[in-house]
Amino acid sequence: MTEILFYHLTESTLEDALPGLLERSIGRGWRAVVQTGSEDRRDALDQHLWTFRDDSFLAHASDREAFPQEQPILLTTGDGNQNDAQIRFLVDGAEPPDLAGYERAVFLFDGHDTTQVEAARQHWKTMKSAGHAVTYWQQTADNRWERKA
């Protein structure tokens, strides 16, 4: 079964939290897919990942570019796994595809957005009833992740 993690953003934005999570995933030797809820968000994250820190960037591409299968990180609005990723990040209320082929899936949701919180609750119930190992993490005041469930 796929390990499912829910990350409740309460102190930082997606743009602040996602790069670190992607760096850790790549550090494990995994490929990653980031599924966004819209093309605009995909394109904004595409630009952000090149410049999020002065001394680093994350090699990536979006699904609108050539050779998606070669990318360590692929940004998409679709439900495919074109780069054979081991981990899938779902952001901005993106609807998850079948997650059985992944080692891990991460739902990142904005705790200040009622729609995203409600969607995360529904996904939690669905994933738990499907038999996945499900954990819930919330940000602390110092931007660390604390396991709550």
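Up top is the structure.
This is a predicted model, so every value here is computed, not measured. Sequence order sets the numbering: in each chain, residues are counted from 1 along the sequence as written. Where totals are concerned, whole chains, interfaces and linings use all residues; where local detail is concerned, this predicted model gives features only for residues with pLDDT of at least 70, and gives and counts side-chain atom pairs only at 80 or more. Note: side-chain values were computed over all heavy atoms of the structure, leaving out hydrogens and water.

Caption draft 1: Representation of the overall build of the protein chain within the structure. Secondary structure elements are taken from DSSP: a helix is a run of H or I of four residues or more, a strand is a run of E of two residues or more, and numbering for both begins at the N terminus. Scanning the protein chain from N- to C-terminus turns up three helices and eight strands. Put simply, the protein chain runs from its N terminus to its C terminus through helices and strands in the order β-α-β-α-β-β-β-β-α-β-β. For the radius of gyration, the atom set is restricted to C-alpha positions; the globular benchmark scales as 2.2 Å times the number of residues to the power 0.38. A globule of 149 residues ought to have a C-alpha radius of gyration of about 15 Å, and the protein chain, at 14 Å, matches this closely. Projected onto its principal axes, the C-alpha positions of the protein chain cover 40 × 35 × 30 Å.

Caption draft 2: Main features of helix 1 (residues 14–27). For helix 1, which comprises 14 residues, the first-to-last C-alpha distance of 20 Å matches the rise-based estimate of 20 Å (1.5 Å per residue) to within 8%. Following helix 1 by one or two positions, G29 adopts a phi angle in the positive range, close to 85°. By definition here, a helix of n residues has an expected span of 1.5 Å times n minus one.

Caption draft 3: Quick look at the packing of aromatic side chains. Any two of the Phe, Tyr and Trp rings considered here, Trp counted by its six-membered ring, make a pair once their centres fall within 6.5 Å; the pair's planes then place it as stacked at under 30 degrees, edge-to-face at over 60, or tilted in between. On inspection of all chains with the given rule, the structure shows four aromatic pairs. Judged by centre distance (4.5 Å) and plane angle (50°), the rings of Y7 and W145 are tilted. Taken together, the positions of Y7 in strand 1 (residues 3–9) and W145 in strand 8 (residues 145–147) put the pair 138 residues apart, joining distant regions of the chain. Here Y7 and W145 have matching classes, each one buried. Grouped by ring-pair contacts, the aromatic residues F6, F107 and W124 constitute a single cluster. Three exposure classes are used, based on accessible area relative to the maximum for each residue type with a 1.4 Å probe and protein chains only: buried under 20%, partly exposed in between, and exposed over 50%.

Caption draft 4: Spotlight on the sheet that holds strand 8. Strands qualify as paired when DSSP identifies two bridges or more between them. Strand order across the open sheet formed by eight strands is 3-4-2-5-6-1-7-8, with mixed pairing between neighbours. In the strand order of this sheet, the two ends are held by strand 3 (61–62) and strand 8, each with one partner. Pairing geometry for strand 5 (residues 87–91) and strand 6 (residues 104–110), over five bridges, is parallel. Paired with I87 across the two strands is R104, which belongs to strand 6. Where helix 1 meets the sheet, its contacts fall on strand 1, strand 2 (32–35), strand 4 (73–76), strand 5, strand 6 and strand 8, and the angle it forms with strand 5 comes to roughly 175°. For this analysis, residues touch if any pair of their heavy atoms sits within 4.5 Å. What counts as an axis is a line fitted to C-alpha atoms, over the stretch in contact for a helix, and the angles between N-to-C directions run from 0 to 180 degrees. Here helix 2 (residues 39–51) sits on the sheet in contact with strand 2, strand 3, strand 4 and strand 5, set at roughly 150° to strand 4.

Caption draft 5: Representation of the nonpolar core within the structure. Here, nonpolar core refers to any group of buried Ala, Val, Leu, Ile, Met, Phe, Trp, Tyr and Cys residues whose side-chain atoms link them within 4.5 Å. Membership of the largest hydrophobic core comes to 23 residues, with the highest contact counts inside it found for L18, L22, V34, F89 and L108. Of all elements in the fold, only strand 1, helix 1, strand 2, helix 2, strand 4, strand 5 and strand 6 reach the threshold of two or more residues within this core. For this core, the element with the most residues is helix 1, which contributes five residues. Look past the residues within four positions of V34 in its chain and what remains in contact with it is L18, L22, L45, I73, L74, L75, T76, F89 and V91.

Caption draft 6: Inspection of empty space enclosed by the protein at higher detail. Grid points spaced at 1 Å over the protein atoms alone were grouped into cavities, where a 1.4 Å probe fits but cannot get out, and pockets, open sets with protein on both sides within 12 Å along at least five of seven lines, with lining residues defined by an atom within 4 Å of a point. Grid points are joined across faces, edges and corners, and a volume is the space filled by probe spheres set on the points. Across all of its chains, the model carries one cavity of 30 Å³ or more by this definition. Here the largest cavity defines a volume of roughly 80 Å³. Considering the residues around the largest cavity, the lining is formed by L90, G93, A94, F107, L108, F109, Q116, A119, A120 and H123. The element contributing the most residues to the lining of the largest cavity is helix 3 (residues 114–129), with four residues.

Caption draft 7: Summary view of unusual backbone geometry. Its identity as a non-glycine residue notwithstanding, F67 has a phi of 60°, on the positive side. Of note, F67 is situated in the loop between strand 3 and strand 4. Residue F67 is classed as exposed on the basis of its relative accessible area, which comes to 51%. In the Ramachandran plot, D92 falls in the positive-phi region, its phi being about 55° despite a non-glycine side chain. As for its position among the elements, D92 is in the loop between strand 5 and strand 6.

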